[in-house]
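So you can see what is in the structure, the chains are spelled out below.
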Amino acid sequence: MSQTPADDTYEVLIVRYASRTTTRGQVFLNHHLYGEPDGPIGMDYYVWVVRNERRTIVVDTGYSELGGRNRARGHLIHPGEAFSRLGIERAGTTLVLTHAHYDHVGNVDLFGDSKVIVPRTEFDFWTGDCGRRFQFHHSVEDSEIDHLRDVHQQGRMVFHRGHEEIAPGVEMIELGGHSPGQAVLTVNTSEGLVLLASDATHYYEELERDLPFLVVADLEAMYRGFDYMNQLIADRDAILVPGHDPAVLDRHRRLDGPMGEFVAVIGGPQGPRRPQRGGTA
Ligand SMILES: [Zn+2]
């Protein structure tokens, strides 16, 4: 089959599946050092879909009923239901996992036939000894790490390292920091290059004000990751999509139809139309 011009251009769906309120002191590392008052801050939870006529890539699978229950967190919409209502065919879909925390790999079992792309560093860490230590372990569910082992044994896992093109127009870059193998994606869209930062930055503010997140495996790598992302935004005018910021859906246009309650979209047939920063378009 010959490639069409649109083969390397995608629409990016940003799906908010959960939401809660926490405090700034519980999200920013050593918040007291900044001399700023503590206060409430929203923490939303997302999965992302990268798709065009040729392929669908699901980026992370959100938290499961188990992972949510263990932390007293529910769903606005279960990620599996969101994928179904978005018409995502699970067979033939490629799954990308940016890191192995519970809120990103909770429903991998929904994609029982899919190829699963995982940073090698991340897999090795969480299937090794240190991932069982308390300060790391609270971020994962054992059964979900075991499931990643199963995926590997089934021969469906594809390991990612460094900086690679995983599909035409989609690059995956391991930055570490928040989790040992934390990865980000860049995606070519009709509105420009989208930087799916996942938890390399949870918030716009985290990156803009250089405020590391409280959950950190390697602080130097986290700061270097901030540098990398800021450079990408400066050099390529990349559109940042942070991993947990409640403002994300307000910065982009909502999907038409009932799923617009949960989903914003960048690129796709309605593009090119650059979102207005901070606007309500
Ligand atoms: Zn997360």
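The structure under discussion appears in the preceding block.
Worth saying up front: this structure is predicted, and the values here are computed from it rather than measured. The numbering scheme is per chain: residues are counted from 1 as the chain's sequence reads. Confidence filtering applies because this is a predicted model: local features only for residues at pLDDT of at least 70, side-chain atom pairs given and counted only at 80 or more, and all residues used for totals across whole chains, interfaces and linings. In computing side-chain properties, one takes all heavy atoms of the structure into account and sets aside hydrogens as well as water.

1. Here we look at the coordination of the zinc ion
Turning to step 1, where the next piece is worked out: The protein atoms that coordinate the zinc ion are Asp 103 (OD), His 104 (NE2), Asp 199 (OD) and His 244 (NE2), at distances spanning 2.0 to 2.2 Å.
Turning to step 2, where the next piece is worked out: Around the zinc ion, the four donor atoms sit at angles spanning 91 to 161°, and that spread fits a shape best called irregular.
Turning to step 3, where the next piece is worked out: Counted as donors are N, O and S atoms no farther than 2.8 Å from the metal, or 3.2 Å for Na, K and Ca; water is not among the atoms, and sites may therefore look incomplete. When the donor residues of the zinc ion are listed from N- to C-terminus, their spacing reads D-H-x94-D-x44-H. Residue His 104 is located in the loop between β4 (94-96) and β5 (116-119), and its partner His 244 is located in the loop between β11 (239-242) and α8 (248-251); the two are separated by 140 residues in the primary sequence.
Turning to step 4, where the next piece is worked out: Note on exposure labels: buried denotes an accessible area under 20% of the residue type's maximum, exposed denotes more than 50%, and partly exposed covers the range between, all computed with a 1.4 Å probe on protein chains only. Look at His 104 and you get buried, because its relative accessible area is 0%.
Turning to step 5, where the next piece is worked out: For His 244, a relative accessible area of 2% puts it in the buried group. A four-donor site is classed as tetrahedral when every donor-metal-donor angle falls between 85 and 135 degrees; four donors are called square planar, and six octahedral, when trans pairs exceed 155 degrees and all remaining angles lie between 65 and 115, with any other arrangement labelled irregular. Secondary structure elements follow DSSP: runs of H or I of four or more residues count as helices, runs of E of two or more count as strands, with numbering from the N terminus.

2. Some remarks on unusual backbone geometry
Turning to step 1, where the next piece is worked out: Although it is not a glycine, Asn 30 adopts a positive phi angle of roughly 50°.
Turning to step 2, where the next piece is worked out: As for its position among the elements, Asn 30 is in the loop between β1 (11-23) and β2 (40-51).
Turning to step 3, where the next piece is worked out: Accessibility expressed as a relative area gives 38% for Asn 30, which makes it partly exposed.

3. What about the sheet that holds strand β12 (residues 253-254)?
Within a sheet, neighbouring strands are paired by backbone hydrogen bonds and run either parallel or antiparallel to one another.
Turning to step 1, where the next piece is worked out: Should DSSP find at least two bridges between two strands, the strands are regarded as paired. Pairing is mixed in the open sheet, where eight strands are placed in the order β6-β5-β4-β3-β2-β1-β13-β12. The sheet terminates laterally at β6 (157-160) and β12, the two strands that pair on one side only.
Turning to step 2, where the next piece is worked out: In this sheet, strand β3 (residues 56-59) lies alongside β2 in antiparallel orientation, the contact comprising four bridges. The residue bridging Val 49 from the neighbouring strand is Val 58, located in β3.

4. A few points about the nonpolar core
One recurring pattern in soluble globular proteins: nonpolar side chains tend to sit buried together.
Turning to step 1, where the next piece is worked out: Grouped together as the largest cluster of nonpolar side chains are 83 residues, with contacts concentrated most on Ile 14, Val 50, Leu 196 and Met 229.
Turning to step 2, where the next piece is worked out: By residue number, the principal contributor to this core is β2, which donates eight residues.
Turning to step 3, where the next piece is worked out: Between two residues, a contact is recorded if the distance between any of their heavy atoms is within 4.5 Å. Beyond its immediate sequence surroundings of up to four residues, Leu 196 is in contact with Val 12, Trp 48, Val 50, Val 59, Val 184, Leu 185, Val 187 and Val 241. The set of buried Ala, Val, Leu, Ile, Met, Phe, Trp, Tyr and Cys residues whose side-chain atoms join them within 4.5 Å is what this entry labels a nonpolar core.

5. Quick notes on the environment of Ile 239
Turning to step 1, where the next piece is worked out: Looking at where Ile 239 falls in the secondary structure, it is placed in strand β11.
Turning to step 2, where the next piece is worked out: Placed 154 residues apart in sequence, Ile 239 and Arg 85 show a C-alpha to C-alpha distance of 26 Å.

6. Some words on the sheet that holds strand β10 (residues 192-198)
Turning to step 1, where the next piece is worked out: Taking strand neighbours across the sheet as the criterion, the five strands line up as β7-β8-β9-β10-β11 in an open arrangement whose pairing is mixed. Lying at the two open borders of the sheet, with one neighbouring strand each, are β7 (163-167) and β11. Adjacent strand axes in the sheet meet at a mean angle of 25°, parallel and antiparallel pairs treated alike.
Turning to step 2, where the next piece is worked out: As judged from the five bridges shared by strand β8 (residues 170-174) and strand β9 (residues 183-189), these two strands associate in the antiparallel manner. Residue pairing across strands places Met 172 opposite Leu 185, the latter belonging to β9.
Turning to step 3, where the next piece is worked out: Each axis is a line fitted through C-alpha atoms, taken for helices only over the stretch in contact, and angles between the N-to-C directions span 0 to 180 degrees. Contacts between helix α7 (residues 219-236) and the sheet are confined to β7, β8, β9, β10 and β11, with β10 contributing the most and set at about 170° to the helix.

7. Describing the packing of aromatic side chains
Turning to step 1, where the next piece is worked out: Side-chain rings of Phe, Tyr and Trp, where Trp is taken by its six-membered ring, are said to pair if the distance between their centres is within 6.5 Å; with planes under 30 degrees apart they count as stacked, over 60 as edge-to-face, and otherwise as tilted. Applying the stated criterion across every chain yields a total of 12 aromatic pairs.
Turning to step 2, where the next piece is worked out: Taken together through their ring pairs, the aromatic side chains of Tyr 17, Tyr 45, Tyr 63 and Tyr 102 make up a single cluster.
Turning to step 3, where the next piece is worked out: Definition used: whenever NZ (Lys) or CZ (Arg) falls within 6 Å of the ring centre and also within 35 degrees of the ring normal, the charge is taken to sit over that ring. Stacked on the ring of Tyr 102, the Lys or Arg Arg 71 has its end atom at 3.7 Å from the ring centre.
Turning to step 4, where the next piece is worked out: Over the ring of Phe 159 we find Arg 120, and its NZ or CZ is 4.1 Å from the ring centre.

8. Here's the deal with the environment of Ala 6
Turning to step 1, where the next piece is worked out: Residue position: Ala 6 is located in the segment before β1.
Turning to step 2, where the next piece is worked out: Spatially, the C-alpha atom of Ala 6 lies 7.8 Å from that of Asn 52, the residues being 46 residues apart in sequence.

9. Focus: the side chain of Thr 189
Turning to step 1, where the next piece is worked out: With respect to the secondary-structure elements, Thr 189 resides in strand β9.
Turning to step 2, where the next piece is worked out: On the basis of relative accessibility, which here comes to 5%, the residue Thr 189 falls in the buried class.
Turning to step 3, where the next piece is worked out: Definition of a polar contact: a pair of N or O atoms within 3.5 Å, with one able to donate and the other able to accept a hydrogen when the atoms are protein atoms, and with sequence-neighbouring residues admitted only if both atoms are side-chain atoms. Within polar-contact distance, the side chain of Thr 189 engages the backbone nitrogen of Glu 191 at 3.0 Å.
Turning to step 4, where the next piece is worked out: Beyond its immediate chain neighbours, meaning those up to four positions away, Thr 189 contacts Thr 9, Tyr 10, Val 12, Val 194, Ile 266 and Gly 267.

10. Things to note about the environment of Ala 200
Turning to step 1, where the next piece is worked out: The topology assignment puts Ala 200 in the loop between β10 and α6 (204-208).
Turning to step 2, where the next piece is worked out: You can call Ala 200 buried: its relative accessible area is 7%.
Turning to step 3, where the next piece is worked out: Put simply, Ala 200 and Gly 162 are 38 residues apart on the chain and 15 Å apart in space, counted from C-alpha to C-alpha.
Turning to step 4, where the next piece is worked out: The residues touching Ala 200, leaving out its near neighbours within four places in the chain, are Leu 175, Gln 182, Val 184, Glu 206, Phe 226 and Met 229.

None of the figures reported here should be taken as evidence of function without further support.
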